[in-house]
Amino acid sequence: MSSEAFENARLTYEHHMQTCRQCRADTVPCAVSKHLLRICNNARRELLRTPEHRAAQT
């Protein structure tokens, strides 16, 4: 479930970065982009905490 949440958050963030006029034109990301990146990072951290991921690392 965590990997699915991370993939969904990552894809949503990447899609926004490709379609947002402000994010494409400016070097400063828009507020929505910052929020989506925060969600993506939180999902990635949660994924790294899962026992399945830790078992794959050893």
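Before reading further, recall that the structure is shown in the block above.
Values in this document were obtained by computation on a predicted structure and should not be read as measured data. (Residues numbered from 1 in each chain as written. Predicted model: local features only at pLDDT ≥ 70, side-chain atom pairs only at ≥ 80, totals over all residues. Heavy atoms only, no water.)

(A) View of the pattern of salt bridges. Applying the stated criterion to the full structure yields three salt bridges. Between arginine 10 and glutamate 7 there is a salt bridge whose closest N-O contact spans 2.6 Å. Pair noted here: arginine 10 and glutamate 7 are both in helix 1 (residues 2–19), with a separation of three residues, about one helical turn. Given the relative accessible area of 25%, arginine 10 is considered partly exposed. The shortest N-O distance in the salt bridge between arginine 49 and glutamate 46 comes to 3.5 Å. Here glutamate 46 and arginine 49 lie together in helix 3 (residues 31–49), a separation of three residues that amounts to about one turn. Overall, the relative accessible area of 41% leaves glutamate 46 in the partly exposed class. Salt bridges sharing partners connect three or more residues here, namely Glu7, Arg10 and Glu14. (Salt bridge = Lys/Arg side-chain N within 4 Å of Asp/Glu carboxyl O. Helix = DSSP H or I, 4+ residues; strand = E, 2+ residues; numbered from the N terminus. Buried < 20%, exposed > 50% of the residue type's maximum accessible area, 1.4 Å probe, protein only.)

(B) Looking closely at the side chain of histidine 16. Residue placement: histidine 16 occurs in helix 1. Sequence-distant contacts of histidine 16, that is, excluding residues within four places in its chain, are made with Cys23, Cys30, Val32, Ser33 and Leu36. (Contact = heavy atoms within 4.5 Å.)

(C) View of the environment of asparagine 41. The topology assignment puts asparagine 41 in helix 3. For the pair asparagine 41 and arginine 10, spaced 31 residues apart in the sequence, the C-alpha separation amounts to 8.6 Å.

(D) Layout of the packing of helix 1 against helix 3. Two elements in contact, helix 1 and helix 3, have axes whose closest approach is 8 Å; the angle formed by their N-to-C orientations is 160 degrees. Judged by the inter-axis angle, helix 1 sits roughly antiparallel to helix 3. Both helix 1 and helix 3 take part in a crossing whose hand is left-handed. On helix 3, the residues that touch Ser2, Ser3, Ala5, Phe6, Ala9, Arg10, Thr12, Tyr13, His16 and Met17 of helix 1 are Val32, Ser33, Leu36, Leu37, Ile39, Cys40, Ala43, Arg44, Glu46 and Leu47. (Axes fitted to C-alpha atoms, helices over the stretch in contact; angles between N-to-C directions. Parallel < 35°, antiparallel > 145°, perpendicular 65-115°, else oblique. Left-handed = near helix turned anticlockwise from the far one by under 90°.)

(E) Examining helix 1 more closely. For helix 1, built from 18 residues, the straight-helix expectation of 26 Å at 1.5 Å per residue is met to within 8% by its first-to-last C-alpha distance of 26 Å. Among all positions of helix 1, only Ser2, Phe6, Ala9, Tyr13 and His16 are buried. Down the axis of helix 1, the smallest arc covering the buried residues is 100 degrees, so these residues share one side. Summarising the geometry of helix 1, the exposed residues directed more than 90 degrees from the buried face are Glu4, Asn8 and Gln18. Looking at the buried positions of helix 1, the neighbouring elements they touch are helix 2 (21–25) and helix 3. (Expected span 1.5 Å × (residues − 1). Arc of directions from axis to C-beta.)

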